[in-house]
Amino acid sequence: MSEATAKTPDVDPRTVKRAVLASAMGNATEWYDYGVFTSGAIATSIGTVFFPGEGNAVLKSLALVAVGFIVRPFGGAFFGPLGDKLGRQKVLAITILLMSGCTFLVGVLPTYAGPYSMGIAAPIAILLLRLIQGFSTGGEYGGAATFIAEYAPTKRRGFFGSFLELGTLSGYVLGNVVVLAVTLSLPADQVEAWAWRIPFFVALPLGLIGLYLRSKLEDTPEFKRLEASGNKPKKAPLKETFTRNWRMILNLIGIVLLLNIADYMLLTTMPTYFTDTLKINDNTSTLIIIGVEIVQAAIILPLGALSDRIGRKPLLITAAIGFLVLSWPSIKLMQSGSILWLIVGFGIVAFLLVLMLAVIGSTFPAMFPTRVRYGSFAIGYNISTSLFGGTCGVVVTALIQSTGNKDWPAYYLMIAAVIALVPIFKIPETSQVPIEQIDTADTGGKLAGAAR
């Protein structure tokens, strides 16, 4: 049975827009961090000043990014059910402050050697900050998506949900732009000596703006409806999340596997693939990625609105089949030696990715009932992200280096696409279903109690 006892009241459009902006700011802060950490020049500097010695400095930096993903499922398991018990707004205020604070602190850490150094304590300190950042990020994305979905009107949930990933693209572009400005303004030795810190400082004001926006909002109408009905969990419903929703969590893991392998492949692996494997200049690589992401940002909102008319599944199916068929030709275009064909190949894969990005903010929250929505989403999403997305850069880079085969990015995407097609076909279409009527628990993926 659906847990709704009454229709969730309509919300003032201005309040919806503020809720969307507040949620998207958290995603922008998260991906600003990844944009900075994985850019060629900063990745090299981080690997060198915190982990001196033999070995690839970029690979060391990517491994540091991957370490943060180890704790993301634990963060999801902690913050998600807590958000179902206490409310979305309170938990999201904590996560954005932790995320931005940890990124900022990386910029003030003493390094392994040189002036103001602290030796072996330096890599340990940056490792701890990455773990805290990863833990808090585990509670951020699921809560932000839930916040938007529970505020948005049913017929525009796809459009408003796409703002979440607009935040992703905007944050990543901002991170790359700041890095590019630093590397173009200063010589390489100055960047490695001290200027690598500058991009990390920007994270704090981003987080404080997001915190301010979130503190000015009440909790979602849907969560307040749940409270009024007496169905709100009295304690964090971690056990209930698994026992009643494990099938849909598995579906989510399968879809997120493709989403985040593609996402992290393009946004965190390709910068180093271009520079280390294809031997393209750092700044040229960054400019290409910024340009393609700006195009993604320009089309993501129309695609989200399109999903309100035709449904979410057609876009997800198109993307998955596209990755299966077009990943290898796209990689070959990137390897052609021509910058023009590289942009075309990268653009094809980026377009397939944005088809998914446009609808996940509205698709994933609608896979779970309100009572355990935050926790179910956060746990499933972060398990998949930790296992497959966060390790993508390290695994693909290591496979290329060990085998000498430059096609591994394509193979990885194709395998992920085959896996993801199964749960994409299994999940229900919820584009026209009011959020308060959704109940997929114990139904094997079918909607229960939702009037179409």
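All of these numbers come straight from a predicted model, not from anything done at the bench. (Residues numbered from 1 in each chain as written. Predicted model: local features only at pLDDT ≥ 70, side-chain atom pairs only at ≥ 80, totals over all residues. Heavy atoms only, no water.)

The secondary structure content of the protein chain amounts to 18 helices and 0 strands. The globule rule puts the C-alpha radius of gyration for 452 residues at 22 Å, and the 21 Å found for the protein chain is close to it. Taken along the three principal axes of its C-alpha coordinates, the protein chain extends 65 × 45 × 35 Å. Contacts spanning at least 24 positions in sequence make up 83% of the contacts within the protein chain whose residues lie at least 6 apart. Just so you have it, the protein chain exposes about 16,400 Å², and 69% of that area is on carbon and sulfur atoms. One way to put it: in the protein chain the 35 positive side-chain charges average out to a point 6 Å from where the 27 negative ones average out. (Helix = DSSP H or I, 4+ residues; strand = E, 2+ residues; numbered from the N terminus. Rg over C-alpha atoms; globule rule 2.2 N^0.38 Å. Contact = heavy atoms within 4.5 Å. Areas by Shrake-Rupley, 256 points an atom, 1.4 Å probe, with all protein chains shown as cover. Lys, Arg positive; Asp, Glu negative; His and termini not counted. Charge placed at Lys NZ, Arg CZ, Asp CG, Glu CD.)

According to the stated counting rule, one finds 23 aromatic pairs in the structure shown. When the centroid spacing of 5.3 Å and the interplanar angle of 90 degrees are considered together, the rings of F159 and F163 count as edge-to-face. Highlighted residues: F159 and F163, both in helix α7 (residues 157-185), separated by 4 residues, approximately one helical turn. Three or more aromatic residues joined by ring pairs make a cluster, and in this case those are W31, Y34, F69, Y172 and Y264. Its guanidinium or amino end placed over the ring of F37, R130 lies 4.1 Å from that ring's centre, counting from NZ or CZ. (Phe/Tyr/Trp six-rings, centres within 6.5 Å; stacked < 30°, edge-to-face > 60°. Lys NZ or Arg CZ within 6 Å of the ring centre and 35° of its normal.)

So, about helix α6 (residues 121-151). Here α6 contains 31 residues, and its C-alpha end-to-end distance of 45 Å stays within 8% of the 45 Å for a straight helix at 1.5 Å per residue. Along α6, the helix axis deviates most sharply at T137, where the bend reaches about 25 degrees. For α6, the buried fraction is high: 24 of the 31 residues fall into the buried class. (Expected span 1.5 Å × (residues − 1). Bend = angle between axes of the 7 residues up to and from the residue. Buried < 20%, exposed > 50% of the residue type's maximum accessible area, 1.4 Å probe, protein only.)

Compared with the 32 Å implied by 1.5 Å per residue over 22 residues, the 29 Å span of helix α14 (residues 313-334) between its first and last C-alpha is a close match. Restricting attention to buried positions, one finds in α14 the residues K313, L315, L316, I317, A319, A320, G322, F323, S327, S330, I331 and M334. In this fold, the buried residues of α14 make contact with α12 (238-277), α13 (282-310), α15 (339-363) and α18 (408-426).

Bringing the confidence of the model for the protein chain into the picture now. Residues with a pLDDT of 70 or more make up 94% of the protein chain, whose mean pLDDT is 88. The secondary structure element of the protein chain with the lowest average pLDDT is helix α3 (residues 57-70), at 77, and the one with the highest is α14, at 96. With pLDDT under 50 throughout, residues 1-5 is counted as low confidence; its partners more than four residues away or in other chains account for 16 contacts. (pLDDT = per-residue confidence, 0-100.)

This paragraph deals with the pattern of salt bridges. The tally for this structure, following the rule as stated, stands at 12 salt bridges. Where R312 meets D308, a salt bridge forms, and the shortest distance between an N and an O atom there is 3.0 Å. (Salt bridge = Lys/Arg side-chain N within 4 Å of Asp/Glu carboxyl O.)

Looking at the secondary structure, you find A122 in helix α6. Separated by 132 residues in sequence, A122 and G254 place their C-alpha atoms 37 Å apart. Excluding residues within four positions of it along the chain, A122 makes contact with F50, P110, T111 and Y112.

With that settled, the discussion passes to unusual backbone geometry. Here the phi dihedral of K279 falls at roughly 60 degrees; this positive angle occurs in a residue that is not glycine. Relative to the helices and strands, K279 is located in the loop between α12 and α13. Residue classification places K279 among the exposed residues on the basis of a relative accessible area of 66%.

Bringing a nonpolar patch on the surface into the picture now. A grouping of L105, V108, W194, I198 and F201 is seen on the molecular surface, where their side chains present a nonpolar patch of about 410 Å² in accessible area. When you line up the elements, L105 lands in helix α5 (residues 88-106). For L105, a relative accessible area of 39% corresponds to the partly exposed category. (Patch = residues over 30% accessible without salt bridge, like charges linked within 9 Å, V, L, I, M, F, W, Y side chains within 5 Å.)

So, on to the side chain of S100. Along the polypeptide, S100 turns up in helix α5. Separated by 3.4 Å, the side chain of S100 and the backbone oxygen of L97 make a polar contact. When neighbours within four sequence positions are excluded, S100 is seen to be in contact with T29, A203, L204 and G207. (Polar contact = N/O pair within 3.5 Å; in protein donor to acceptor, adjacent residues only side chain to side chain.)

This brings us to the packing of helix α4 (residues 72-86) against α5. Contact pair α4 / α5: the axes reach a minimum separation of 7 Å and the direction vectors enclose 145 degrees. Between α4 and α5, the contacting residues are F79, L82, G83, D84 and L86 on the first element and R88, K90, V91, I94, T95 and L98 on the second. Each residue belonging to the contact of α4 with α5 can be placed in one class, and the counts come to 6 nonpolar, 2 polar and 3 charged. (Axes fitted to C-alpha atoms, helices over the stretch in contact; angles between N-to-C directions. Nonpolar A, V, L, I, M, F, W, Y, C, P; charged D, E, K, R; others polar.)

Counting residues in each nonpolar core, the largest one holds 103 residues, and the members touching the most others are I46, M265, F274, F323, M334, F346 and F364. Here the element with the most residues in this core is α12; it accounts for 18 residues. When near neighbours in sequence (up to four residues on either side) are disregarded, F274 contacts K279, I280, S285, I288, I289, M334, L342 and F346. Counting 10 residues, the second largest nonpolar core, distinct from the first, contains A22, L92, F147 and Y151. (Core = buried A, V, L, I, M, F, W, Y, C linked by side-chain atoms within 4.5 Å.)

Within the secondary structure, T385 is located in helix α16 (residues 373-389). Ignoring any residue separated from it by four or fewer positions in sequence, one finds T385 in contact with F69, R72, V256, N260, Y264 and G390.

This part is about a positive patch on the surface. Taken together, the side chains of R14, K17, R18 and R156 present a region of like positive charge at the surface. Examined against the element boundaries, R18 turns out to sit in helix α1 (residues 13-38). In this structure R18 comes out as partly exposed when scored by relative accessible area, which is 42%.

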